[in-house]
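Coordinates in review
Spelled out from the first residue to the last, the chains are:
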Amino acid sequence: MKEVIRTTCSYCSVGCNFDATIEDGHLLSFLPNKTYPVNLGKSCPKGFNLMKAFESDERALTPMLRTGAGTLEPVGWEKALEVFVDRFKGIRDEHGPESVAFLSTGQMPMEEMALLGAVFKFGMGFLHADGNTRQCMATAAVAYKQAFGFDAPPFSYKDFEESDLLIFVGANPVIAHPVMWNRVKMNKKNPRIIVIDPRKTKTAGEAALHLPVKPKGDLDLLYAVAHVLLERNWIDRDFIDRHTSGFADFSNHLRDFSPKSVESRTGIPPALVEELARMIHESSAVSLWWTMGVNQSHQGVRTAQAIINIALMTGNIGRPGTGPNSITGQANAMGSRLFSNTTSLFAGYDTTNDEHRRTIAELLNIDTDFIPDRNGMPYHKILEAVDAGSIKGLWVIATNPAHSWIDRNSLYGKLDKLDFLVVQDLYTTTETARHADLILPAAGSGEKTGTFINSERRLGIVDKITDPPGEAMSDFDIFRHIADAWGCGDMFSGWTHPEAAFNILQHSTEGRPCDITGIAGYDQLRAAGGIQWPYPKTGRDDKTERRLFADGRFYTSDGRARFLFEQSHDVPEPADEEYPVELLSGRGSVAQFHTQTRTGKVAMLNKISPQKCYVEINPDDAEALGLADGDDVEVASRRGSVIVSAVISDGLVPGQVFMPMHFEETNRLTYPAFDPYSAEPSYKHSAVRLSVAHLKRET
Ligand code: SF4
């Protein structure tokens with residue numbers, strides 16, 4: 001008998017829905033749902049082929065334990081759980097509760113993230129835990145939290161269709177979020193599109209105006225735009241007075257940021273800055289969209305807040321087609337931000353606040369003392385502690401830092417210092433799994449149930465379509481088994497299945513900005529086409545799409561949004577004589593995702609995306625080096641060197657090159673700098689040199 005099951009794509013944060021038709025356990029088709037309010041029948045190639053990635057013969061089918069001979073051998077779950085508990089308890093007993101950490105993901109359903117965070121911190125008694133969302137969204141989360149009082153992206157995808165001016169800063173949705181770009185194309189207002197990006201990306205190619213800002217000159221440029229808006233009095237004084245704080249200080253700060261005075265740092269002629277400011281002034285609905293070009297910066301939080309400041313000072317928030325809008329990266333990064341129990345407690349409660357801890361303890365019916373009263377270390381500090389030898393046990397779940405971590409060469413030495421590394425993943429072959437002492441086989445997103453939250457705060461259902469292979473099981477079930485084996489299972493007796501966990505998380509949101517107590521379980525989510533938070537029990541609206549801050553009230557103690565700003569800082573590793581070229585990195589293909597852990601296993605996707613790492617280089621630079629398209633070229637930084645193919649592109653200005661994040665070569669070169677507020681790595685700028693001297697040209 002045929003059955004149609006709807007599920008949410010588990011790659012990017014757009015959150016597209018698909019209808020899987022199955023018969024006798026076999027998948028017959030997997031097609032984008034035409035009525036889902038996110039994708040409206042559209043998809044990108046990754047989504048179409050989502051289920052194919054789970055068919056790989058590289059799947060982990062049983063737990064695998066490293067033997068004395070150094071090989072990984074299959075073991076049963078009983079043995080795997082016994083070793084997991086013995087080794088981590090042994091490390092804890094010898095070195096204390098701060099000697100074990102986990103690194104997880106923005107890819108798992110939020111019920112799984114929440115259970116992991118609760119078991120690890122409240123049940124097992126550890127402290128240090130972080131997710132790979134630190135690598136992409138920490139900046140946006142901190143920027144919103146500081147400015148609005150809560151991590152609250154204000155928009156709905158409908159805003160793509162309702163703006164008359166859309167400004168994309170460090171965002172390339174044509175490649176990275178193609179279904180969002182489709183929503184832009186649905187805009188019937190003939191909107192003007194502006195792109196601020198050092199590269200002439202595919203999105204920039206579609207724009208009315210492209211501002212090729214110097215790498216990391218974006219903060220100065222945004223301040224210069226604000227300077228002109230203020231100088232011309234193109235501001236919404238009424239909105240500023242009634243709904244914000246800190247504008248007088250921000251105005252003083254802007255004095256030093258005339259377009260002329262920052263031109264050498266931005267590379268943008270003052271006339272272009274004036275033109276952009278005028279366009280903002282003359283438009284009735286301006287939306288500003290940013291993603292990793294802003295987030296992954298040594299000054300990402302202040303750059304994101306410079307975008308927020310422009311929206312606030314011009315009153316472009318809370319109305320259709322407006323907003324300072326962060327586009328998220330991973331499918332459930334938003335769920336991670338609210339429920340992973342890593343940087344805050346559930347529902348954004350503060351770990352360091354006694355009352356908040358009591359609230360969560362009451363909700364979970366546990367003693368408040370089980371909840372740590374301080375935050376654990378962020379990702380890069382955890383890795384530093386591994387290097388220093390104070391963290392000796394690490395549990396890596398559904399992420400691949402040995403490929404994706406900035407300056408990844410340095411990570412290998414760190415992983416090898418560990419006494420015990422557990423990798424919980426779909427595959428045995430990731431760069432990180434190759435270092436594991438124990439591999440726990442996990443189910444893929446089409447093999448389990450839960451919920452994701454997409455970029456526009458929409459909760460969508462992930463439904464099980466097929467059974468996981470071999471002895472693999474859902475991460476949810478793995479965490480429950482670990483809790484039982486550890487001896488803290490009773491503490492989580494109410495977390496019997498994902499929907500029970502969802503109900504617990506719902507309760508945690510009561511009265512919070514992200515209140516979802518009005519959702520009547522998974523069935524309502526399925527029937528409604530997902531639901532955006534907030535969705536409280538009382539006083540909610542039932543619109544399919546809605547945005548925040550229509551009433552001009554923010555989540556800060558005084559209800560006002562804050563202008564936040566500071567001096568800009570030079571890039572941490574400027575180009576110099578030895579390494580004269582600036583390396584940019586980012587997503588390179590619509591058909592690949594992150595480290596290619598899943599997409600690289602799909603033949604169709606491999607056919608339509610580059611199979612070898614490449615560096616894009618300006619034609620003048622290529623000519624100076626005697627390089628032709630496809631030639632091998634050595635790219636070297638102070639961290640290492642790689643040999644990749646040259647792709648000659650006029651999308652880059654001389655002195656800059658671009659490499660895609662999907663290949664393991666790229667992060668051998670990147671410079672490990674971090675934003676001081678979000679601790680997000682600054683992937684977008686490093687100094688390198690190119691060389692072809694000892695290489696043969698391909699003919
Ligand atoms: Fe949609 Fe993103 Fe999945 Fe593509 S990868 S189908 S855009 S959710």
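What counts, and at which threshold
Residues numbered from 1 in each chain as written. Predicted model: local features only at pLDDT ≥ 70, side-chain atom pairs only at ≥ 80, totals over all residues. Heavy atoms only, no water. Helix = DSSP H or I, 4+ residues; strand = E, 2+ residues; numbered from the N terminus. Rg over C-alpha atoms; globule rule 2.2 N^0.38 Å. Buried < 20%, exposed > 50% of the residue type's maximum accessible area, 1.4 Å probe, protein only. Contact = heavy atoms within 4.5 Å. Areas by Shrake-Rupley, 256 points an atom, 1.4 Å probe, with all protein chains shown as cover. Lys, Arg positive; Asp, Glu negative; His and termini not counted. Charge placed at Lys NZ, Arg CZ, Asp CG, Glu CD. Phe/Tyr/Trp six-rings, centres within 6.5 Å; stacked < 30°, edge-to-face > 60°. Lys NZ or Arg CZ within 6 Å of the ring centre and 35° of its normal. Pairing = 2+ DSSP bridges. Axes fitted to C-alpha atoms, helices over the stretch in contact; angles between N-to-C directions. Left-handed = near helix turned anticlockwise from the far one by under 90°. Nonpolar A, V, L, I, M, F, W, Y, C, P; charged D, E, K, R; others polar. Domains from an automatic or database assignment. Buried area = accessible area lost by both parts, 1.4 Å probe. Expected span 1.5 Å × (residues − 1). Polar contact = N/O pair within 3.5 Å; in protein donor to acceptor, adjacent residues only side chain to side chain. Salt bridge = Lys/Arg side-chain N within 4 Å of Asp/Glu carboxyl O. Core = buried A, V, L, I, M, F, W, Y, C linked by side-chain atoms within 4.5 Å. Parallel < 35°, antiparallel > 145°, perpendicular 65-115°, else oblique.

A count of helical and extended segments in the protein gives 25 helices and 26 strands. Its C-alpha atoms give the protein a radius of gyration of 24 Å, near enough to 27 Å, the size a compact globule of 699 residues would have. Dimensions of the protein along its principal axes, counting C-alpha atoms only, are 70 × 70 × 55 Å. Looking at the protein as a whole, 64% of its 699 residues are labelled buried. Counting only contacts in the protein whose residues sit at least 6 apart along the sequence, the fraction spanning at least 24 positions is 73%. Split by element, the accessible area of the protein, about 24500 Å² in all, is 48% carbon and sulfur. Side chains of the protein carry 72 positive and 90 negative charges; the gap between the two charge centres is 4 Å.

This part covers the packing of aromatic side chains. Going through the model one piece at a time under the given rule, you end up with 37 aromatic pairs. Feature note: the residues F84, F88, F102, F120, F126, W395, F420, F479 and W486 constitute an aromatic cluster, connected by ring pairs. Its end group placed over the ring of W234, R232 keeps NZ or CZ at 5.9 Å from the ring centre.

In this section: the sheet that holds strand β2 (residues 17-23). One open sheet holds the 3 strands; their spatial order is β1-β2-β3, and the pairing between them is antiparallel. Both edges of this open sheet fall to β1 (2-8) and β3 (26-32), since each of them pairs with a single strand only. Geometrically, the sheet is characterised by an average inter-axis angle of 25 degrees between neighbouring strands, direction not taken into account. Pairing of β1 with β2, which is carried by 7 bridges, proceeds in the antiparallel orientation. Counterpart to T7 in the pairing with β2 is F18.

A few words on the environment of F420. Within the secondary structure layout, F420 lies in strand β15 (residues 420-425). Given a relative accessible area of 0%, F420 falls into the buried group. C-alpha separation for the pair F420 and L438, spaced 18 residues apart in sequence, amounts to 8.0 Å. The contact partners of F420, leaving out residues within four places of it in the chain, are V83, F84, R87, F88, I91, K392, G393, L394, D437 and L438.

Turning our eyes to something else, we now look at the sheet that holds strand β17 (residues 450-453). Spatially, the 3 strands line up as an open sheet ordered β17-β18-β19, and their pairing is antiparallel. The open sheet has two free edges, formed respectively by β17 and β19 (531-532), since each of these has just one partner strand. Alignment of strand β18 (residues 458-462) against β19, held across 2 bridges, turns out to be antiparallel. Residue pairing across strands places R458 opposite Q532, the latter belonging to β19. Sheet contacts for helix α23 (residues 521-528): β17, β18 and β19; angle to β18, the most-contacted strand, approximately 105 degrees.

Now for the packing of helix α17 (residues 354-364) against helix α22 (residues 498-508). Packing of α17 against α22 brings their axes to within 10 Å, and their N-to-C directions diverge by 145 degrees. Where α17 crosses over α22, the two elements pack in a sense that is right-handed. Residue-level inspection shows I360, L363 and L364 of α17 in contact with α22, the latter providing I504, H507 and S508. Considering only residue class, the contact of α17 with α22 consists of 4 nonpolar, 2 polar and no charged.

This brings us to the domain arrangement of the protein. With domains assigned, the protein is organised as domain 1 (2-55), domain 2 (64-136 + 331-496), domain 3 (138-327) and domain 4 (581-692). The straight-line distance from the C-alpha centre of domain 2 to that of domain 3 is 35 Å. Each side of the interface is counted separately: domain 2 has 13 residues, and domain 3 has 17 residues. Taken over both partners, the interface formed by domain 2 and domain 3 buries close to 1200 Å², and the fraction arising from carbon and sulfur atoms is 46%.

End to end, helix α3 (residues 110-123) covers 18 Å across 14 residues, agreeing with the expected 20 Å (1.5 Å per residue, within 8%). When you tally the buried positions in α3, you get 14 out of 14 residues, the bulk of the element. Downstream of α3 by one or two residues, G125 has phi in the positive range, about 85 degrees.

As a further point, take the side chain of R134. Mapped onto the elements of the fold, R134 is located in the loop between β7 (128-131) and α4 (138-148). A polar contact is formed between the side chain of R134 and the side chain of D130, at a distance of 2.7 Å. Excluding its chain neighbours within four sequence positions, the residues that come into contact with R134 are T343, P378, Y379, S678, A679, E680 and P681.

With that settled, consider the pattern of salt bridges. Counted by the stated rule, this structure contains 42 salt bridges. Linking E206 and K185 is a salt bridge whose minimum nitrogen-to-oxygen distance equals 3.1 Å. With E206 in the loop between α8 (202-205) and β10 (209-211) and K185 in helix α7 (residues 178-185), this residue pair connects regions lying 21 residues apart in the sequence. Classification of K185 by relative accessible area gives exposed; the value is 52%. In this structure, the salt-bridge partner of D220 is R265, at a minimum N-O distance of 3.1 Å.

The subject of this paragraph is the environment of N341. Relative to the assigned elements, N341 resides in the loop between α16 (333-339) and α17. Relative accessible area serves as the criterion here: at 2%, N341 is assigned to the buried category. Apart from residues lying up to four places away in sequence, N341 is in contact with G117, A118, K121, F122 and F346.

So, about the nonpolar core. Membership of the largest hydrophobic core comes to 132 residues, with the highest contact counts inside it found for W395, W495 and W533. The two domains that each donate at least three residues to this core are domain 2 (64-136 + 331-496) and domain 3 (138-327). V14, F18, F30 and F168 belong to the second largest nonpolar core, which has 40 residues in total.

Here we come to the packing of helix α18 (residues 379-388) against helix α20 (residues 409-417). Packing of α18 against α20 brings their axes to within 8 Å, and their N-to-C directions diverge by 60 degrees. It follows that α18 is oblique to α20 by the angle criterion. Where α18 crosses over α20, the two elements pack in a sense that is left-handed. Facing L383, V386 and D387 of α18, the residues of α20 in contact are L411, K414 and K417.

For N252, the location among the structural elements is in helix α11 (residues 247-254). Separated by 353 residues in the primary sequence, N252 and L605 have C-alpha atoms spaced 51 Å apart.

Let's shift gears to the side chain of S336. With respect to the secondary-structure elements, S336 resides in helix α16. Residues contacting S336, with those up to four places away along its chain left out, are T105, M113 and T133.

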